[in-house]
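# Understanding the architecture of this molecule
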Amino acid sequence: MQLPSNTAISYNPLATITDPAPASPSSVKAGLDLKNRTYFVTGGARGLGLSLITAILEAGGSAVALDLLPEPLTEEWAAAQTLAKENGGSLSFNTLDVTSEPAVELLLPRLAQEAAEAGRPVHGLVNCAGINQKLPAIDYPVELYRKIVDINFVGSFIMAKHTAKILVAEGTPGSIVLIGSMSGIIANRGLENTAYNTSKAAVLQLARSLCQEWGQYGIRINTISPGYIITAMTQELLDVEPELYETWMRGAMLNRLGAPDDFKTAAVFLLGDGSRFMTGSDLRIDGGHCAGA
Ligand SMILES: NC(=O)c1ccc[n+]([C@@H]2O[C@H](COP(=O)([O-])OP(=O)(O)OC[C@H]3O[C@@H](n4cnc5c(N)ncnc54)[C@H](O)[C@@H]3O)[C@@H](O)[C@H]2O)c1
């Protein structure tokens, strides 16, 4: 629509927009400070999840680890407990299947109440729970395909939904980080991973879709898309096919594969108020892999 040339424009967007986000942090350090905040971390018993728990603790925050496994890795967990004590945070573990909505619905509000009573209310989620299985698509059993989509994608939705319910009920502006993968954007050479890849593409679109529904509550939701990281998940693939290592290294612009620690600062950035204007975005951290042909 064309305005007549003599129309005065008096529209002031700042007068009509209410900002549900936290106040602008006073410094870069404050923007990365997670003090007195608790975060759910799924897949927190080991691998990337446990590493991101240490990141939250180092930033002064508290974490509730959730995993299908009955208990976390002993040594790493003990080190994380020490870190929690040193930094004034807390750390606990609960077994949980992220695909079971009744279980999630029952457990999360109780954990949130405990966190609030301890003066460290829940401020968000890091969803790392995931599985992979390499199989040619032509032979892929549909039940296995459904299982991978159920854990990686539907599980992300269930966790995000019930974390958001808590944040909305408590009136807390929060941050949700879903772990996607570069496999949600590209097809990995040498890996017959169709179920995994499509489940991760869905995770990226899930975050974009939820961000336009939940911004009104001050809830931000972003994804991290890692490249190859050496964890139990990739080690299982390498144990069966060691030659995959050479294939992966051909795309490694920094001449190495990733380590779980490579994602810690990015996760703290997305959880903290320093990223308060960031939602619906993806941080691809892949050592340059997707930049190559
Ligand atoms: N390792 C990589 O190269 C890589 C690359 C990109 C993305 N990722 C993603 O990072 C995340 C963490 O993977 P990782 O490499 O640390 O692997 P991992 O296997 O060490 O960790 C995955 C964790 O998820 C848990 N889990 C599986 N199903 C679950 C369920 N139904 N409910 C609750 N917990 C469940 C597992 O018990 C395990 O502790 C995954 O989402 C994975 O897809 C990994």
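Being a predicted model, the structure only gives us computed values, none of them experimental. (Residues numbered from 1 in each chain as written. Predicted model: local features only at pLDDT ≥ 70, side-chain atom pairs only at ≥ 80, totals over all residues. Heavy atoms only, no water.)

Across the protein chain, the average pLDDT comes to 93, with 94% of residues at or above 70. Strand β1 (residues 38-42) holds the highest mean pLDDT among the elements of the protein chain, 99, whereas helix α1 (residues 13-16) holds the lowest, 43. In this model residues 9-17 is a low-confidence stretch, pLDDT under 50, and it forms two contacts with partners more than four residues away in sequence or in other chains. (pLDDT = per-residue confidence, 0-100. Helix = DSSP H or I, 4+ residues; strand = E, 2+ residues; numbered from the N terminus. Contact = heavy atoms within 4.5 Å.)

By the element assignment, Ala-112 lies in helix α5 (residues 101-117). Considering only alpha carbons, one finds Ala-112 and Phe-40, 72 residues apart in sequence, at a separation of 9.2 Å. The contacts of Ala-112, once residues within four sequence positions are left out, are Phe-40, Val-122, Ile-166 and Glu-170.

On to the site of the ligand. The local shell around the ligand holds 28 residues, among which Arg-46, Asp-67, Tyr-196, Ile-229 and Thr-231 are the closest. A distance of 3.4 Å separates a nitrogen atom of the ligand from a polar backbone atom of Leu-96. Here Gly-130 contributes a backbone N or O atom positioned 3.5 Å from an oxygen atom of the ligand. Put simply, the parts of the chain that give the shell around the ligand at least two residues each are α3 (47-58), α7 (194-214) and α8 (232-240). For the shell around the ligand, the residue count by class is 16 nonpolar, eight polar and four charged. (Near = heavy atom within 4 Å. Polar contact = N/O pair within 3.5 Å; in protein donor to acceptor, adjacent residues only side chain to side chain. Nonpolar A, V, L, I, M, F, W, Y, C, P; charged D, E, K, R; others polar.)

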